[in-house]
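Read off the chains here:
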Amino acid sequence: MPAVLRICVLAAALSQAGCGEGAWNNPYAGDGDGNVLYSSFSERPKHFDPARSYSSNEYALLGQVVEPVLHYHYLKRPYELQPLTAEAMPSVTHFDADGRVVRDAAAAATTAYEIEIRPGIRYQPHPAFARLPDGGYRYRPIAGVQLDDVYELADFTETGSRELRAADYAYQIKRLADPALHSPIASILARHIVGFTELRARLIEARKTLAPGAWLDLREFGMEGVTVLGPYRYRVTVRGGYPQFIYWLAMPFFAPIPWEADAFHSQPGFEERNLTLNWYPVGTGAYMLTENNPNLRMVLKRNPHFRADHYPVEGEDGDAARGLLKDAGARLPFIDQVIYSLEKENIPYWNKFLQGYYDSSGINSDSFDQAVQLGQGGEFELTDEMRGHGIRLSITYATSIYYTGFNMLDPVVGGDSERARKLRLALSIAMDTGEFISIFQNGRGVAAQGPLPPGIFGYRTGEAGVNRRVYDWRDGRIVRKPLAEARRLLAEAGYKDGIDRETGKPLVLHFDSTGIGPDAKSWLNWMRKQFAKLDVQLVVRNTDYNRFQDKLLKGTAQIFRLGWNADYPDPENFFFLFYGPNAKVLNQGANASNYRNPRFDRLFEEMRGLPNSPQRLGLIDEMNEVLRHDAPWIWGFHPKSFILHHEWLGNAKPNLMSHNGLKYLRLDAAQRARRRDEWNRPHIGPVVVLGGVLAVFLMPAVAIVRRRRRETVL
């Protein structure tokens, strides 16, 4: 075929291809376009073992797989606890020191929570349950040679299942006490669950007799405060009248772990292949994690053994009008599969959302003006472009705080000396949180005056809520103190004009961060400028997330930035971030600043056991003043959450307490496919024109080549 003709044929073929079905840029072409939800992640989740997992990016997947006995109603606000695997809410009984029942929680020496779970709930298919014809376990014990061709959990060809039992919940609570697992809430539970500390000590001794990495069967160990009362009933006993314990029962920490899975994943050679509960959680939830490739994607698939569960039949005012009750009573889940793809950069992620390749999205600073505008009444609303795409906007205040923390063990910024305290306060004034919210959050947030966010009991608005150490109340609004006040404090701390008066050298501080990419570079530069206002040099030490967590655990970070999302809607869940026994270095707890103040600890211990009342509010005000005086954090901001959804995603309502929300979502996959084709139709006209032009220019050359060939033959 002559070259010119080949070019013309190719151009025609391209033209026909452009009229075919399916977008050429579809990143999921191999996955089809069925009942699949598409989402993303930017950092590898570190822990999927419910004994260790404690991050929002981990809960996003883990919460779909494992099920504690309680959860939060998907639609109702304020947040309302309700049974999940339990038959009913736990029965709560208070006892005095002599074992007599008392009605007043404040007078209780112990409190018993009795929980009955529903029969007939089954675990997802898993090789830990696979059996041989003689009743033995198919993959336990397993010889090393059998692992030669095993690289992921799916490589085990046989699976099994069994019914959920109360003993599985008891087994997991014992795992929380196992020092080998380093549960981040072990120090908290040790103060509350009866017998927790004693079991922990026995497990330490028992592990001394085991080979490194060998499985320890926790069924052989009892715990005084955890009693299995029958196949479907168990009791947990806590000290005092700790009312927040019921919230813990809705967290993945208290999800069941079958002993078979613990034994299966603890076998030799499994950890080297990432065949652990940290990598592949096992549960009774609506979905199961079938693919875990943190360098590419993670996949959740519908659990074929999931029980009959149904969409809520009631919600809060306005939910019916917003179409959130159309599926009332329908069986869950609606979606068959969820694919999370690795996206490290915001711009590619945002473009894929606009192309229809992600079903929902947050809004970063670069895309904010494209997505949202201020209405005539000063409210946020979607731009015409977004409305033209059929995109919907959900706005809610997050029960969260982002803050800059000081390591109180550090010799420069830490400790309770006046020198260190005034240094921390000077930096707190210099860092203009309002400017950060304006530049990097597009106004989506409110400057924090303490740890409690809006919506949590004890949060105060107006003049009553002002942090007088950093702000003033002027003309009915909060105003940050002038920079001159920060310079005065810095000089009193011994660092006038940023020079250490003891050494005569410039003050250099270190900020540990996981920030990567252009967005992180911008706000890190902003951070340097904030410190430079006081002539203080800030050195940024960037690292990956796991290394950053290791620094916090060892106490080698000096200044850092973290966020905290409420585990449950109670002020105790924020104030315990400052409770001395929860220190990160001391007990691997949630107190990342390693802050310790005996007065604060006493107030905290009194406050946490009280119901919401004027007495409790007074204690909260006093605790806030202690923290504002000591300044272990630079109080950052409470974010306002903006979530965008494509019109084909139904039942989307932000729930900041719930971890199992995927099962409520519904997709119109056919509508999504149509919109993708419409938005991603290839424009191949220029290619055809270019091919024609190229053919015209090549014709003389082809004629010359053909003439020379004839001359050569002659």
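Structure's up top.
Residues numbered from 1 in each chain as written. Predicted model: local features only at pLDDT ≥ 70, side-chain atom pairs only at ≥ 80, totals over all residues. Heavy atoms only, no water.

Regarding empty space enclosed by the protein
This is how it is decided: Using only the protein atoms, space was sampled on a 1 Å grid; points where a 1.4 Å probe fits but cannot get out form cavities, open sets with protein on both sides within 12 Å along at least five of seven lines form pockets, and lining residues are those with an atom within 4 Å of a point. Grid points are joined across faces, edges and corners, and a volume is the space filled by probe spheres set on the points. Labels follow the DSSP assignment, with helices taken as runs of H or I lasting at least four residues and strands as runs of E lasting at least two, numbered in each case from the N terminus. When residues are sorted by character, Ala, Val, Leu, Ile, Met, Phe, Trp, Tyr, Cys and Pro go into the nonpolar class, Asp, Glu, Lys and Arg into the charged class, and all the rest, Gly among them, into the polar class.
Here the structure, examined in full by the defined rule, presents 5 cavities of 30 Å³ or more. Here the largest cavity defines a volume of roughly 110 Å³. Along the wall of the largest cavity there are 13 residues; nearest its centre are Thr 404, Met 431, Phe 436, Arg 561 and Gly 636. Put simply, the parts of the chain that give the lining of the largest cavity at least two residues each are strand 18 (400–406), helix 12 (433–440), helix 14 (517–532) and strand 25 (633–645). Per-element tally for the lining of the largest cavity: the top contributor is strand 25, with 4 residues. Residues that form the lining of the largest cavity fall into these classes: 9 nonpolar, 3 polar and 1 charged.

Notes on the pattern of salt bridges
For clarity, the threshold we go by: The salt bridge definition used is simple: a Lys or Arg side-chain nitrogen within 4 Å of an Asp or Glu carboxyl oxygen. To sort residues, take the accessible area from a 1.4 Å probe on protein chains only and compare it with the maximum for the residue type: under 20% means buried, over 50% means exposed, and anything in between is partly exposed.
A complete count under the given rule lists 48 salt bridges for this structure. A salt bridge links Asp 98 to Arg 100; the shortest N-O distance between them is 3.2 Å. For Arg 100, a relative accessible area of 52% corresponds to the exposed category. The salt bridge partner of Asp 472 is Arg 474, with a shortest N-O separation of 3.8 Å. Judged by relative accessible area, which is 22%, Asp 472 ranks as partly exposed.

Section: helix 2 (residues 56–65)
It helps to recall that an α-helix has 3.6 residues per turn; residues three or four apart then point in one direction. Counting buried residues in helix 2 gives 7 out of 10 residues, a clear majority hidden from the surface. Within helix 2 the residues assigned to the buried category are Glu 58, Tyr 59, Leu 61, Leu 62, Gly 63, Gln 64 and Val 65.

Comments concerning the packing of helix 11 (residues 418–430) against helix 19 (residues 614–630)
For clarity, the threshold we go by: The axes used here are C-alpha line fits, helices contributing only the stretch in contact, and every angle between their N-to-C directions lies in the interval 0 to 180 degrees. Note that the term roughly parallel is reserved for angles under 35 degrees, roughly antiparallel for angles over 145, roughly perpendicular for angles of 65 to 115, and oblique for everything else. Between two residues, a contact is recorded if the distance between any of their heavy atoms is within 4.5 Å.
At their nearest, the axes of helix 11 and helix 19 sit 8 Å apart, and the two run at 95° to each other. Classified by the angle their axes make, helix 11 and helix 19 are roughly perpendicular. Where helix 11 approaches helix 19, its residues Arg 421, Arg 424 and Leu 425 are matched on the opposing element by Arg 628, His 629 and Asp 630. Class assignment of the residues belonging to the contact of helix 11 with helix 19 gives a composition of 1 nonpolar, 1 polar and 4 charged.

Here we look at the environment of Ser 187
When you line up the elements, Ser 187 lands in helix 4 (residues 186–190). Distance in space between the C-alpha atoms of Ser 187 and Thr 383 is 48 Å, their sequence separation being 196 residues. Apart from residues no more than four positions distant in its own chain, Ser 187 is found in contact with Pro 581, Asn 582, Asn 587 and Gly 589.

Here's the deal with the packing of helix 3 (residues 166–177) against helix 5 (residues 196–207)
It is at 8 Å that the axes of helix 3 and helix 5 come closest, and there the two elements cross at 70°. It follows from the interaxial angle that helix 3 and helix 5 lie roughly perpendicular. Together, Ile 173, Lys 174, Leu 176 and Ala 177 of helix 3 and Phe 196, Leu 199, Arg 200 and Leu 203 of helix 5 make up the contact between the two elements.

Concerning the nonpolar core
Rule in force here: By nonpolar core is meant a set of buried Ala, Val, Leu, Ile, Met, Phe, Trp, Tyr and Cys residues that side-chain atoms within 4.5 Å join together.
Counting 173 residues, the largest nonpolar core has Phe 156, Ile 193, Phe 245, Trp 248 and Phe 254 as its most contacted members. At 7 residues, helix 3 tops the list of elements feeding residues into this core. Val 36, Tyr 38, Ile 339 and Tyr 357 belong to the second-largest nonpolar core, a separate cluster that totals 20 residues.

Some remarks on the environment of Leu 84
Looking at the secondary structure, you find Leu 84 in the loop between strand 3 (81–83) and strand 4 (91–95). A sequence separation of 16 residues divides Leu 84 from Pro 68, and the C-alpha atoms of the two residues are 7.1 Å apart.

That's the geometry; what it means functionally is another story.
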